[in-house]
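Architecture at a glance
Now for the letters of each chain:
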Amino acid sequence: MLIDTTQFKANHLAEDAVLPAEKTALIIVDMMRRFCDPAWLSGGNAESERWFTSELQSVIPNLRAILDAFRSSGGLVVHVVNAKWTKEAREAVPYQRGRDYDYFDSHAMSVIDELAPQRDEIIVRKLTSSAFTGTGLDYMLNNAGIRNVVLTGQYGGACVFYSLIQSREYGFTNYWPTDAILHASAVDKAMITPLVGTRWATLATSAQIARSITGQRALA
């Protein structure tokens with residue numbers, strides 16, 4: 001039986017909400033060159049490739065708008081990348097071994113130019129799905145006085161979602177910009193978004209997040 005997700009009561013960011021820059025972090029998950037290649041993502045499926053191509057054309061600029069707002073306001077920015085240290089990826093979680101991943105800091109596994117890290121931004125290298133597992137990210141966020149986490153990147157039903165669950169368990173308040181997260185399919189997007197909004201995070205648009213972190217209120 002299909003579930004009517006329109007009946008889910010989701011939590012949305014108020015138009016006049018303000019997120020203090022000094023207490024808020026932007027986490028960008030897995031926006032590396034290889035992971036932003038629609039042909040690679042689709043695995044040869046033409047319909048899937050069209051989906052990724054279309055979605056990335058909006059996700060990347062929307063994410064960049066949030067990134068620019070964090071940079072201008074002084075909010076903490078964290079780039080999370082997934083790759084391997086050894087040829088066999090024996091240090092990674094078992095389910096990631098054998099995947100077509102390259103080495104950390106290689107061209108393919110580095111952040112795309114549109115979102116490239118700047119000085120004063122953190123780069124976290126992970127060997128699993130969640131940005132928190134085995135990385136010390138929670139330690140750094142707590143040291144920095146962070147209370148609010150804005151999660152972006154890909155996939156909404158995998159690495160970003162896994163990171164969200166752990167972020168919640170570490171006690172952070174979470175925000176989910178619906179137009180700055182890449183999903184594996186339209187079905188995943190339609191299913192995951194309302195689920196996240198009912199329990200684990202506050203839903204928002206990229207424009208709302210950008211306004212809230214810079215302290216600007218929406219125009220009437």
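The sections below set out a description of the structure shown in this document. (Residues numbered from 1 in each chain as written. Predicted model: local features only at pLDDT ≥ 70, side-chain atom pairs only at ≥ 80, totals over all residues. Heavy atoms only, no water.)

1. What about the overall build of the protein?
Rules: Secondary structure counts use DSSP, requiring at least four H or I residues in a row for a helix and at least two E residues in a row for a strand, with both numbered from the N terminus. Each radius of gyration is computed over the set of C-alpha atoms, and the globule rule expresses the reference value as 2.2 Å times the number of residues to the power 0.38. Residue exposure (1.4 Å probe, protein chains only): buried if accessible area is under 20% of the type maximum, exposed if over 50%, otherwise partly exposed. Pairs of residues are marked as contacts when any of their non-hydrogen atoms sit within 4.5 Å. Residue burial considers only the protein chains on display, and all accessible areas are found by Shrake-Rupley using a 1.4 Å probe. Counted as positive: Lys and Arg. Counted as negative: Asp and Glu, with His and the chain ends omitted from the count. A charge is said to be at NZ when it belongs to Lys, at CZ for Arg, at CG for Asp and at CD for Glu.
For the protein, the helix and strand inventory stands at 6 helices and 7 strands. Against the compact-globule benchmark of 17 Å for 220 residues, the protein has a radius of gyration of 17 Å, which places it among compact chains. Along the three orthogonal principal directions, the C-alpha set of the protein runs to about 50 × 45 × 30 Å. Put simply, the protein has 220 residues, and 47% of those count as buried. Residue pairs at least 24 apart in sequence account for 78% of intrachain contacts in the protein once pairs closer than 6 positions are excluded. Here the protein displays about 10,800 Å² of accessible surface, and carbon together with sulfur accounts for 51% of that area. Here the protein contributes 21 positively and 23 negatively charged side chains, and the mean placements of these two sets differ by 4 Å.

2. Overview of the layout of surface pockets
To find leftover empty space, a probe the size of one water molecule is rolled over the atoms. The condition is simple: Of the grid points, spaced at 1 Å and generated over the protein atoms alone, those admitting a 1.4 Å probe that cannot get out make up cavities, while open sets with protein on both sides within 12 Å along at least five of seven lines make up pockets; any residue with an atom within 4 Å of a point is treated as lining. Grid points are joined across faces, edges and corners, and a volume is the space filled by probe spheres set on the points.
What the largest pocket holds in volume is close to 240 Å³. Taken together, 14 residues form the lining of the largest pocket, with R99, Y101, Y155, A158 and C159 sitting closest to its centre. Only α1 (38-42) and α4 (159-169) provide two or more residues apiece to the lining of the largest pocket.

3. Quick look at the packing of aromatic side chains
Basically, it comes down to this: Pairing of aromatic rings covers Phe, Tyr and Trp, the last counted by its six-membered ring, and requires centre-to-centre distances within 6.5 Å; plane angles under 30 degrees mean stacked, over 60 mean edge-to-face, and any other angle means tilted.
Evaluation of the coordinates by the stated rule reveals 7 aromatic pairs. Each ring, one from F35 and one from W40, has its centre 5.1 Å from the other, and the planes form 15°; the classification is stacked. The class for F35 is buried, based on a relative accessible area of 6%. Cluster of aromatic residues (ring-pair linked, three or more members): F35, W40 and Y101.

4. Quick notes on the packing of helix α2 (residues 46-73) against helix α6 (residues 206-214)
For clarity, the threshold we go by: Working convention: axes come from line fits to C-alpha atoms, limited for helices to the stretch in contact. Angles between N-to-C directions cover 0 to 180 degrees. Roughly parallel means an angle under 35 degrees; roughly antiparallel, over 145; roughly perpendicular, 65 to 115; everything else is oblique. By the convention adopted, Pro, Cys, Tyr, Trp, Phe, Met, Ile, Leu, Val and Ala count as nonpolar, Lys, Arg, Asp and Glu as charged, and the other residues, Gly among them, as polar.
The contact between α2 and α6 brings their axes to 9 Å, and the two run at 0°. The orientation of α2 relative to α6 falls into the category roughly parallel. Between α2 and α6, the residues in contact are N62, A65, I66, A69, F70, S72 and S73 and S206, I209, A210, I213 and T214, respectively. Residues of the contact of α2 with α6, tallied by class, amount to 7 nonpolar, 5 polar and no charged.

5. A word on the pattern of salt bridges
Threshold: A pair is scored as a salt bridge if a Lys or Arg side-chain nitrogen falls within 4 Å of a carboxyl oxygen belonging to Asp or Glu.
Evaluation of the coordinates by the stated rule reveals 8 salt bridges. Residue D30 is joined to K126 by a salt bridge in which the shortest nitrogen-to-oxygen separation is 3.1 Å. Taken as a pair, D30 in the loop between β1 (24-29) and α1 and K126 in strand β3 (residues 122-126) lie far apart in primary sequence, 96 residues in all. Both residues of the pair, D30 and K126, count as buried. The salt bridge involving E121 is made with R71; its shortest N-O contact spans 2.6 Å. Of the two residues, E121 sits in the loop between β2 (76-82) and β3 while R71 sits in helix α2, which places them 50 residues apart along the sequence.

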